[in-house]
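Close look at the chain arrangement
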Amino acid sequence: MLSPFGGRGEGNSGWLNVNGNTKGVQKLREISIPDSEKMQKVISLCKRRGFIFQSSEIYGGLKSAYDYGPLGVELKRNIMNEWWKAMVYQREDVVGLDASILMHPKVWQASGHLACFSDPLVDCLNCKERFRPDKAPRAKPGEEVEFVEGGKKRGRKRRALVERDYVCPNCGCPELSPERHFHLMFRTFLGPVDMLEELVEVVDRNRGLSRAELKEAVASVLERNSVYLRPETAQAMFVQFLNIQKSMSMKIPFGIAQMGKSFRNEVTVKHYIFRSCEFEQMELEFFVEPGTQEEWLEYWKEERLKWYRKFANRPEMFRAREHTPQELAHYADKCYDIEYRYPWGWDELEGVASRTDYDLRKHSEASGVKIEYFDPTKKNEKTGKMGVRYTPYVIEPAAGATRSVLVYLLDAYAEEEPPEEGKSGRTVLRLHPRLAPFKVAVFPLVKKDGMPELARKIVQEFFEAGIHAKYDEQHAIGRRYLRHDEVGTPFCLTVDGQSFEDETVTIRYRDTREQRRIKIREALDVVKKELSREEK
């Protein structure tokens, strides 16, 4: 059944049907935007309307670091709140955790991050681009390829033979440096120690050592006080498994959910906020009985795909792709990527992995603490008595909050032609109402005759109901509508002269531009009803 807001789809058809036939709805023709242009349009809108800014911009900015402005922080929090609601508040088998960013270094040693958490990197000898080989364009060894000298548009064209099975992603040159591993964890130091002074002393005392010996001496000093910014939120949930299971009397299957910041020293940062050094994660570690992991993996893959599609205008832009054996991480026996079709093609949004018992087993071995689950309802085949101990397997849906912000901005962004001659076209963010930064904007038609006072009174009612509303009196009413279309505000209420005669306001729906009169006393309930809608 269509609502005046534009309608909800059936099943996996998404939440919005712009072309639905509703009385008063204007037919809107969306302009087709080439993929090559859409990303830049979204980036421009984000800065212009206060969603996302370059970090430290007045000092030239910091590569791969971004600040979320007044509207961006609301969008991100709304996404994270919806995730928490779906994963924790609406389930009996999941509890939450908010763990420290800094953990004991032995955590990362046991998990394998200190030894293995690195990327192979290659430098292009032609344009000096540094990149990951697994993300580079494929080429056939022995094939001759053409590229531009220096990677510049007006450079001299050259040809060279491909020696490996890839070329530079920037200029296409096959002349590359050897592969070198680059560690992705950020190191810092804990305690009142001047590491610089200690390192100077080490160098002074060991001037006669070889380069390798000096490097080992320096490393031993650094390790004494080194801690690391977490590269993922998952490990805290593993090391706190026993505390949470016992304190909350959780029975398997059950999960631990956590949202928070993680840090990776990414050398190859690209596509705006898609990959950055500082990002926010939304992760669930769901502990299951060994032997049931494949069933639970399929369950969570479907649940997560359904969740993303519920808030999307174009659900067909999301898919689940199973990892090939060559792609699987060392800890996983099976894994899916929830992917979105970005302007540059299909790419990862969330990973849903079956991590086996790898993490719990590794932390148990390293700490000497038995991390097991006791099930008193099962019979022990060896003893014949009731009660079995085992190390649970883990299913991990790991989502990126910052990457989700980008996905829903891309999904919502649209440009429309004028609905009729003499009318203006517009840019609109068709965000799901529950994700929108402002749920409703309230306007006085003019800044006199008691209209601002009545409009502010209505805004206050929304504030008291916990709904983020915006009072706006700047510029003509048409410009205000277009401004709120552009930031995704789903409903606009206008107070005018008639409001004092019959106690009504005009409500305007963002996606259809439909306007109708409603009672002032009903305005809060109308908006609440739209915000509570779920996909059928």
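You'll find the structure just up there.
By convention here, each chain's residues receive numbers from 1 onward along its written sequence. Side-chain atom pairs in this predicted model are given and counted only at pLDDT of 80 or more, local residue features only at pLDDT of at least 70, and totals for whole chains, interfaces and linings cover all residues. Remark: hydrogens and water are excluded; side-chain values derive from all non-hydrogen atoms of the structure.

A closer look at the overall build of the protein chain
For helices the rule is a DSSP run of H or I covering at least 4 residues; for strands it is a run of E covering at least 2, with both sets numbered from the N terminus onward. When its secondary structure is counted, the protein chain shows 15 helices and 25 strands. Across its three principal axes, the protein chain shows a C-alpha extent of roughly 90 × 80 × 50 Å. Residue burial is assigned from relative accessible area. The probe radius is 1.4 Å, only protein chains are included, and a residue is buried under 20% of its type maximum, exposed over 50%, and partly exposed in between. Expressed as a percentage of the 536 residues in the protein chain, the buried residues total 51%. We call two residues contacting when some pair of their heavy atoms lies within 4.5 Å. Within the protein chain, residue pairs in contact and separated by at least 24 positions form 65% of the contacts whose partners lie at least 6 positions apart. Here the protein chain carries 87 positive and 84 negative side-chain charges, and the mean point of each set is 2 Å from the other. Here the positive residues are Lys and Arg and the negative ones are Asp and Glu; neither His nor the chain ends is included. The atoms used to mark charge sites are NZ of Lys, CZ of Arg, CG of Asp and CD of Glu.

Some details on the packing of aromatic side chains
Working definition: an aromatic ring pair is given by the centre-to-centre distance plus the angle between the planes. Between rings of Phe, Tyr and Trp, where Trp is taken as its six-membered ring, a pair exists when centres lie within 6.5 Å; planes separated by under 30 degrees are stacked, by over 60 edge-to-face, and by other angles tilted. One pass over the full model with this rule turns up 24 aromatic pairs. Relative to Tyr 308, the ring of Trp 307 lies with its centre 5.1 Å away and its plane at 80°, an arrangement referred to as edge-to-face. Tyr 308 matches Trp 307 in its accessibility class, with the two residues each being buried. Pairwise contacts between aromatic rings join Phe 274, Trp 307, Tyr 308, Phe 311, Phe 318, Tyr 340, Tyr 342, Trp 344 and Tyr 408 into one cluster. Between Arg 403 and the ring centre of Phe 274, over which it is positioned, the NZ or CZ distance is 3.7 Å. Positioned above the aromatic ring of Tyr 471 is the side chain of Arg 456, whose terminal nitrogen or guanidinium carbon lies 3.8 Å from the ring centre. Only when the NZ atom of a Lys or the CZ atom of an Arg is both within 6 Å of the ring centre and within 35 degrees of the ring normal do we say a charge sits over the ring.

Topic: the nonpolar core
Residues Phe 51, Phe 318, Tyr 408 and Leu 409 are the most contacted members of the largest nonpolar core, which totals 59 residues. Of all the secondary-structure elements, those providing two or more residues to this core are helix H1 (35–48), helix H2 (70–89), strand E12 (278–288), helix H9 (293–310), strand E14 (334–342), strand E15 (345–356), strand E18 (393–400) and helix H11 (401–412). No other element matches the 9 residues that H2 contributes to this core. Ignoring sequence-local partners within four residues, the contact set of Phe 51 consists of Leu 45, Cys 46, Asp 67, Tyr 68, Gly 69, Leu 71, Gly 72, Leu 75, Leu 409, Leu 429, Pro 437 and Val 487. The next biggest cluster of nonpolar side chains, apart from the first, holds 26 residues, and it includes Trp 108, Phe 241, Tyr 390 and Val 394. To define a nonpolar core, start from buried Ala, Val, Leu, Ile, Met, Phe, Trp, Tyr and Cys residues and group those joined through side-chain atoms within 4.5 Å.

Overview of unusual backbone geometry
The step from Ile 252 to Pro 253 runs through a cis peptide bond, and the omega angle for that step is 5°. Tracing the chain through its elements places Pro 253 in the loop between helix H8 (241–247) and strand E11 (254–263). Not every positive phi belongs to a glycine, and Ser 249 is a case in point at roughly 55°. Of note, Ser 249 is situated in the loop between H8 and E11. A positive phi angle, close to 65°, is found at Arg 513, a residue other than glycine. Counting through the fold element by element, Arg 513 comes out in the loop between strand E24 (504–509) and strand E25 (515–519).

A few points about the packing of helix H5 (residues 195–205) against helix H6 (residues 211–225)
When two helices pack together, their arrangement is given by the angle between the helix axes and by the axis-to-axis distance. What counts as an axis is a line fitted to C-alpha atoms, over the stretch in contact for a helix, and the angles between N-to-C directions run from 0 to 180 degrees. The N-to-C vectors of H5 and H6 enclose an angle of 155°; their axes lie 10 Å apart at closest approach. With respect to each other, H5 and H6 are oriented roughly antiparallel. In terms of crossing hand, the pair formed by H5 and H6 is right-handed. Judged by residue contacts, Met 195, Glu 198, Leu 199, Val 202 and Val 203 of H5 engage Leu 214, Ala 217, Val 218, Val 221, Leu 222, Arg 224 and Asn 225 from H6. Its residues assigned to classes, the contact of H5 with H6 shows 9 nonpolar, 1 polar and 2 charged. Note on terminology: angles under 35 degrees are roughly parallel, angles over 145 are roughly antiparallel, angles of 65 to 115 are roughly perpendicular, and the others are oblique. Less than a right angle of anticlockwise turn of the near helix away from the far helix marks a crossing as left-handed, whereas a clockwise turn marks it as right-handed. Amino acids outside the nonpolar list (Ala, Val, Leu, Ile, Met, Phe, Trp, Tyr, Cys, Pro) and the charged list (Asp, Glu, Lys, Arg) are all regarded as polar, and Gly is one of them.

Re the packing of H2 against H9
Look at H2 against H9: their axes get within 12 Å of each other, and the N-to-C directions meet at 140°. Considering only the axes of H2 and H9, their crossing is right-handed. The residues of H9 that touch H2, namely those facing Ile 79, Glu 82, Trp 83, Ala 86 and Met 87, are Trp 300, Arg 304 and Trp 307. Partitioned by chemical class, the residues of the contact of H2 with H9 number 6 nonpolar, no polar and 2 charged.

Topic: the sheet that holds strand E23 (residues 491–495)
Each strand in a sheet pairs with another by means of backbone hydrogen bonds, the pair being arranged parallel or else antiparallel. Strand pairing follows a simple DSSP-based rule, namely that at least 2 bridges must link the two strands. As summarised here, the arrangement of the 5 strands in space is E22-E21-E23-E24-E25, forming an open sheet in which the pairing is mixed. The sheet is open, and its two edges are formed by strand E22 (469–471) and E25, each paired on a single side. Strand-to-strand twist in this sheet, taken as the mean axis angle between neighbours without regard to direction, amounts to 25°. The sheet contact formed by strand E21 (residues 440–444) and E23 spans 5 bridges and is parallel. Counted as the bridge partner of Val 440 is Phe 491 from E23.

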